[in-house]
Amino acid sequence: MRFLVLHLLLVTLSTKVRDVEGKRLPRMHCFDGCDLTLNYVEFDDTARLSKKSKRCHSTLHAKSLYLCLDQYCSSTGREDWLRSANHTCKATADIWLPPWEVIDGYTPEDIAGLRRLKAEEGMWNSHTPPLHEVVMPAPDFVDRAARTLDYAFFEMDTHWAYGIAMLYFWAVVITVGLCWRLLGLIREAKHTAWRLLPGGEAGTATIDKNHSSSGTYALMKRLVIIPATFGYRCSQNIGWCTIPPRIQTLTIAAFVVLNIVLCSISYPVFSGNLYWSAISTQLWRYVSDRTGVISLANFPLIWLFGTRNNVLMWLTGWGFGTYNNFHRWVARVATVQAVIHSIGYTEMIFERGDWPLFMKYWGKHYFWNGEVATILMCALSLLSVYGLRRCHYEVFLVAHIVLSAVVLLTTFYHVEIFNGEWNIFIWPCLLIWILDRALRFIRIIAFNRKVWNTAAMTTYDQASNIVRLEIPCDTTLIKPQAGAYYYVYFLNNVLFAHQNHPFTLAYVSTTDSATRNIHVVSGADPALTRPTYPRSPSASSSESDRLLPQTMDKSLSSLVFLIRPYAGLTSRLRNISNKTTRNLRVLVEGPYGSPNALNPNPLHSFSSVLFIAGGSGIAIALSHLSTLFAEESNVLDVHIVWAVREHAFASDILQRDIPASIRQDERFKMTVHVTQHIETKDDVRPEGSRRKLHNVVIKVGRPDVTAAVEHAAQEAGVASLAVVACGPAQMADDARRACVRALEEGYRGMEYFEESFKW
Ligand SMILES: Cc1cc2nc3c(=O)[nH]c(=O)nc-3n(C[C@H](O)[C@H](O)[C@H](O)COP(=O)(O)OP(=O)(O)OC[C@H]3O[C@@H](n4cnc5c(N)ncnc54)[C@H](O)[C@@H]3O)c2cc1C
Ligand SMILES: NC(=O)c1ccc[n+]([C@@H]2O[C@H](COP(=O)([O-])OP(=O)(O)OC[C@H]3O[C@@H](n4cnc5c(N)ncnc54)[C@H](OP(=O)(O)O)[C@@H]3O)[C@@H](O)[C@H]2O)c1
């Protein structure tokens, strides 16, 4: 196996080796080369001193060194080199080297008569008796020494440069994302100006020409931005893994290829290397060092991409899911590199000895820390596979945090021998981690300065199988925004108080301060409990302003979340709220999701918006309704296609959570597909409430997602259409594929957004 790996490496690298053999690197280390040759031998004009001290005390050594420098190396830079060598001697042996003048008396004849020190006798110095004369290293010996050093230093510089290339790669990716976002913002600004032309009638049906995509952009969307990487599956898992959308896969693939290339090139090996005589050993050494350095250089990226408060999300507008994919792949690449690094060093030990030697290394602090770091990185990767994440999220999370901390610590001790040279890649990880935790805490404080005093109310309706969570939010300093999500900690059970789960804000409910009673919200007419959306003449008000009622000062408000109980925390929440309304103490960390989460194309800038929602995914649609029907919105048509199992859930949402003002708006349309409990589906529209459910159609059975998208595309024609999928994975994949097909058919104004409840 060992030989197979080596063989593969040699085949890959042989071209490079020949290149270097043919065109030798310039001798940059001639002075060090002379020094190196003489360090292999001992002179007998010194007392019993350590090897380091002997070099500085021995006049024979100094004369041999000076003559070698004079004979083989250019005089440029010699003074500096000698000064540095002198300082080393002073520091290590408390002595200055003899002056250069000690070789003044040597004539060319004397030099020609000096004994030539050959590589063979120099390198087996344990068998070479101490020298009692001045020697001149043979030209070939000096050449090999200088070349050995040239290549070794070249490798060190290359490792460093290629490590930094990882940061450059992501800087380019982020810059592209940032420019894309800025372009979107400029387009959006122009578009707003266009809509506000004097004389324009607010809400007039106009076709959004600015949104109709150019041919190139439409092609990009069809071939690169929207499709699944291969064929159809994107949200759905394939076995134990998931494959990100094509554009992310291409980015990740470019990163992986870059890593493979940079770990495979620039290895100037040669026979005659004084450090590692065998070509295979040179390769192992260089490859091991290269992979070790690049792996370490990837560390800050892993930490940055994995945090909730990743500043890059704010810059590019890409969501946590996107960065999470980057996080995983950078971590996987770094893990493979760490494994090669460890295998390489282990191999080199076994080339020199056997198990006893290997065990001796295990006793060394730096060595075992490195091996442990590699083993734990592998464990981290294995424990993060999709299947485990899905089935045992909390186990995954705790293991992930603990193992990551230990990896960072052991890596720190692994590179400690380099006197902090490589800590430049370790401290940023710690800093990013601390900053993220600090920002999480700040977000909690910003929500409610009296963190211990955030009350929440939960109700569970068995028929709907939904937990409703309402959290008063008057104290929040950061205004809730459409599409935002919050992490909620439930403090009622100390055992689980550390767990925090993300939930999408469905909307902000308001109650009058005079009648403030959280129970009022659940019993009252939905049109009262949901904010009213006063039409503001101000074009400059932000999206969040529009989400929140303008009368916020006078009223009290609550965040409303719709939670589908699953097996863990959400099932506990269901159990404690079963049959009765419960008041709980919570911590709220948020809002998250980039400001105007769907920028650079905010939903309200499209002509038509189609939501494809499944079950609790309706929360996303609810969250955007207020902005879509606000004054500044350009939307002419909003269609929600919602598949829901429980008719009671559908009934509840229609009657409580969608204000009558919106339901009756001619731009609004909703098709509810009740897929189970269909025998009572008419309960969704009870007698006497026909007027309230204006624009709502109830159907039985799953929606045909493809047909819904096709129909919306045909209706939109050349105008812009946003399709937002927020439901089960298969539903999202159906919607994605239908959008690609619509683009193929020439509906260029189509954009696809996926709001997934998993990562
Ligand atoms: C951005 C976002 C918004 C969400 N909004 C909603 C919402 O509005 N309504 C709703 O019902 N659900 C929402 N979810 C899903 C919700 O967070 C999970 O259902 C919940 O965390 C499951 O908790 P559990 O312990 O009962 O899950 P389990 O039964 O233990 O796990 C079920 C699934 O939930 C995932 N999960 C568990 N814990 C977490 C966590 N801490 N963070 C992320 N995923 C987790 C697991 O991967 C697993 O796939 C959202 C998820 C995300 C990522
Ligand atoms: N903890 C979690 O993992 C969690 C928690 C909340 C939400 N979510 C995610 O949020 C979404 C909604 O979850 P939920 O539990 O609230 O939903 P749900 O109760 O499972 O309802 C989903 C609805 O969508 C329908 N549907 C499924 N696939 C479809 C398809 N391909 N085409 C058309 N209709 C389809 C279902 O029909 P049938 O009845 O015929 O199946 C059902 O009516 C899912 O993505 C879910 O993964 C996840």
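Structure: see above.
Here's what I pulled together on the structure shown here. What you see is a predicted model; the values in this text were computed from it and never measured.

**Quick look at the overall build of the protein**
For step 1, the next point in the chain: Helices and strands together make up the secondary structure of the protein, namely 27 helices and 14 strands.
For step 2, the next point in the chain: Within the span of the protein, comprising 759 residues, buried residues form 52% of the whole.
For step 3, the next point in the chain: A total accessible area of about 35000 Å² is found for the protein, and carbon and sulfur atoms account for 61% of it.

**Regarding the state of the cysteines**
For step 1, the next point in the chain: Taken as a whole and assessed by the stated rule, the structure comprises three disulfides.
For step 2, the next point in the chain: Put simply, Cys-56 and Cys-89 are joined by a disulfide, and their sulfur atoms are 2.1 Å apart. Its torsion about the S-S bond being -85°, the disulfide of Cys-56 and Cys-89 is classed as left-handed. Residue Cys-56 is found in helix H3 (residues 51-57), and its partner Cys-89 is found in helix H5 (residues 78-93); the two are separated by 33 residues along the sequence.
For step 3, the next point in the chain: Residue classification places Cys-56 among the buried residues on the basis of a relative accessible area of 4%.
For step 4, the next point in the chain: Owing to a relative accessible area of 6%, Cys-89 belongs among the buried residues under this scheme.
For step 5, the next point in the chain: The connectivity of the disulfide bonds within the protein can be written as 1-5, 2-4, 3-6, using the sequence rank of each bonded cysteine.

**Things to note about the sheet that holds strand E10 (residues 637-644)**
For step 1, the next point in the chain: Reading across the sheet, the six strands line up as E12-E11-E10-E9-E13-E14 and stay open at both edges, with parallel pairing between neighbours. The open sheet terminates on both sides in strands that have one partner only, identified here as strand E12 (696-700) and strand E14 (750-754). This sheet shows a mean twist of 15° between the axes of neighbouring strands, independent of strand direction.
For step 2, the next point in the chain: Pairing between strand E13 (residues 721-726) and E14: five bridges, direction parallel. Note that in E14 the partner of Ala-722 across the bridge is Glu-751.
For step 3, the next point in the chain: Helix-sheet contacts for helix H26 (residues 705-716) involve strand E9 (608-614), E10, strand E11 (668-674), E13 and E14, and the interaxial angle to E9 is about 170°.

**With respect to the site of ligand 2**
For step 1, the next point in the chain: Surrounding ligand 2, one finds 20 residues, the nearest of these being Tyr-566, Ser-616, Thr-675, Arg-702 and Gly-727.
For step 2, the next point in the chain: One nitrogen or oxygen atom from the side chain of Arg-702 is found 2.8 Å from an oxygen atom belonging to ligand 2.
For step 3, the next point in the chain: Protein burial of ligand 2: of its 900 Å² of free accessible surface, 84% is covered by the chains.
For step 4, the next point in the chain: Elements that contribute at least two residues to the shell around ligand 2 include exactly E10 and helix H27 (729-744).
For step 5, the next point in the chain: Per-element tally for the shell around ligand 2: the top contributor is H27, with three residues.

**Here's the deal with the site of ligand 1**
For step 1, the next point in the chain: With respect to spatial proximity, 20 residues lie near ligand 1, and among them Arg-390, His-501, Pro-502, Arg-564 and Thr-570 are the closest.
For step 2, the next point in the chain: At a separation of 2.9 Å, a nitrogen atom of ligand 1 approaches a polar backbone atom of Leu-562.
For step 3, the next point in the chain: Going through the elements one at a time, helix H16 (386-391), strand E6 (500-512), strand E7 (555-563) and helix H22 (569-577) are the ones with two or more residues in the shell around ligand 1.
For step 4, the next point in the chain: In terms of residue count, the dominant contributor to the shell around ligand 1 is E6 (five residues).
For step 5, the next point in the chain: When the residues that make up the shell around ligand 1 are grouped by side-chain class, the tally is eleven nonpolar, six polar and three charged.

**Let's talk about the nonpolar core**
For step 1, the next point in the chain: One finds Trp-170, Phe-299, Trp-303 and Phe-305 to be the most contacted residues of the largest nonpolar core, which totals 47 residues.
For step 2, the next point in the chain: In terms of residue count, the dominant contributor to this core is helix H11 (residues 279-306) (nine residues).
For step 3, the next point in the chain: Counting the residues that make up this core, at least three belong to each of domain 2 (154-196 + 248-440) and domain 3 (448-535 + 542-592).
For step 4, the next point in the chain: In this view, Trp-170 contacts Thr-251, Phe-255, Leu-301, Phe-305, Phe-326 and Val-330; residues no more than four positions away in its chain are not counted.

**A short note on helix H15 (residues 365-383)**
The α-helix winds at 3.6 residues per turn, so residues separated by three or four positions along the chain end up facing the same way.
For step 1, the next point in the chain: Taking 1.5 Å as the rise per residue, H15 with 19 residues should run 27 Å; its terminal C-alpha atoms sit 27 Å apart, in good agreement.
For step 2, the next point in the chain: Among all positions in H15, only Phe-367, Asn-369, Gly-370, Glu-371, Ala-373, Thr-374, Leu-376, Met-377 and Leu-380 are buried.
For step 3, the next point in the chain: Buried residues along H15 sit against H11, helix H13 (320-352), helix H14 (355-362) and helix H17 (393-414).

**Observations regarding the packing of aromatic side chains**
For step 1, the next point in the chain: Tallying each qualifying case throughout the model produces 42 aromatic pairs.
For step 2, the next point in the chain: Seen in terms of ring centroids, Tyr-151 and Phe-270 are 5.2 Å apart; in terms of plane orientation they differ by 90°. Their pairing is edge-to-face. Residue Tyr-151 is located in helix H8 (residues 139-195), and its partner Phe-270 is located in the loop between helix H10 (246-262) and H11; the two are separated by 119 residues in the primary sequence.
For step 3, the next point in the chain: By relative accessible area, Tyr-151 is classed as buried at 0%.
For step 4, the next point in the chain: Taking 6.0 Å as the distance between ring centres and 65° as the angle between the ring planes, the aromatic pair formed by Trp-303 and Trp-433 counts as edge-to-face.

**Some details on H11**
For step 1, the next point in the chain: End to end, H11 covers 40 Å across 28 residues, agreeing with the expected 40 Å (1.5 Å per residue, within 8%).
For step 2, the next point in the chain: The sharpest bend along H11 reaches about 25° and sits at Phe-299, with the proline Pro-300 one to four residues further on.
For step 3, the next point in the chain: Burial runs high along H11: 24 of the 28 residues are buried.

**Concerning the pattern of salt bridges**
For step 1, the next point in the chain: This model, assessed by the stated rule, comprises 18 salt bridges.
For step 2, the next point in the chain: Between Glu-133 and Arg-115 there is a salt bridge whose closest N-O contact spans 3.4 Å. Here Arg-115 lies in strand E1 (residues 115-117) and Glu-133 lies in the loop between helix H7 (119-123) and strand E2 (135-137), a separation of 18 residues in the sequence.
For step 3, the next point in the chain: The closest approach of N and O atoms between Asp-436 and Arg-440, which form a salt bridge, is 3.2 Å. With Asp-436 and Arg-440 both in helix H18 (residues 427-447) and four residues apart, the pair spans about one turn of that helix. You'll find Asp-436 and Arg-440 in the same group, each marked buried.
For step 4, the next point in the chain: Salt bridges sharing common partners tie together Arg-468, Asp-652, Arg-656 and Asp-657.

**Considering the packing of H11 against H17**
For step 1, the next point in the chain: Direction vectors running N to C along H11 and H17 enclose 150°, while the axes themselves pass 13 Å from each other. As judged from the angle between their axes, H11 and H17 are roughly antiparallel. Relative to H17, H11 is oriented so that their crossing is left-handed. Contacts between H11 and H17 involve Leu-296, Phe-299 and Trp-303 from the first element and Ser-404, Val-407, Leu-408 and Thr-411 from the second.
For step 2, the next point in the chain: Along the lines of polarity and charge, the residues of the contact of H11 with H17 split into five nonpolar, two polar and no charged.

**A few points about the side chain of Thr-454**
For step 1, the next point in the chain: Tracing the chain through its elements places Thr-454 in the loop between H18 and strand E3 (455-461).
For step 2, the next point in the chain: Within the structure, the side chain of Thr-454 is placed 3.1 Å from the side chain of Asn-448, a separation counted as a polar contact.
For step 3, the next point in the chain: Each residue touching Thr-454, except ones within four places of it in the same chain, is listed here: Phe-447, Asn-448, Ile-471, Leu-584, Arg-585, Val-586 and Val-588.

**A look at a nonpolar patch on the surface**
For step 1, the next point in the chain: On the surface, Leu-182, Leu-183, Leu-185 and Ile-186 cluster together into a nonpolar patch covering about 360 Å² of accessible area.
For step 2, the next point in the chain: Secondary-structure assignment places Ile-186 in helix H8.

The rules behind the values
Residues numbered from 1 in each chain as written. Chains lettered and ligands numbered in written order. Predicted model: local features only at pLDDT ≥ 70, side-chain atom pairs only at ≥ 80, totals over all residues. Heavy atoms only, no water. Helix = DSSP H or I, 4+ residues; strand = E, 2+ residues; numbered from the N terminus. Buried < 20%, exposed > 50% of the residue type's maximum accessible area, 1.4 Å probe, protein only. Areas by Shrake-Rupley, 256 points an atom, 1.4 Å probe, with all protein chains shown as cover. Disulfide = S-S within 2.5 Å. Pairing = 2+ DSSP bridges. Axes fitted to C-alpha atoms, helices over the stretch in contact; angles between N-to-C directions. Contact = heavy atoms within 4.5 Å. Near = heavy atom within 4 Å. Polar contact = N/O pair within 3.5 Å; in protein donor to acceptor, adjacent residues only side chain to side chain. Nonpolar A, V, L, I, M, F, W, Y, C, P; charged D, E, K, R; others polar. Core = buried A, V, L, I, M, F, W, Y, C linked by side-chain atoms within 4.5 Å. Domains from an automatic or database assignment. Expected span 1.5 Å × (residues − 1). Phe/Tyr/Trp six-rings, centres within 6.5 Å; stacked < 30°, edge-to-face > 60°. Bend = angle between axes of the 7 residues up to and from the residue. Salt bridge = Lys/Arg side-chain N within 4 Å of Asp/Glu carboxyl O. Parallel < 35°, antiparallel > 145°, perpendicular 65-115°, else oblique. Left-handed = near helix turned anticlockwise from the far one by under 90°. Patch = residues over 30% accessible without salt bridge, like charges linked within 9 Å, V, L, I, M, F, W, Y side chains within 5 Å.

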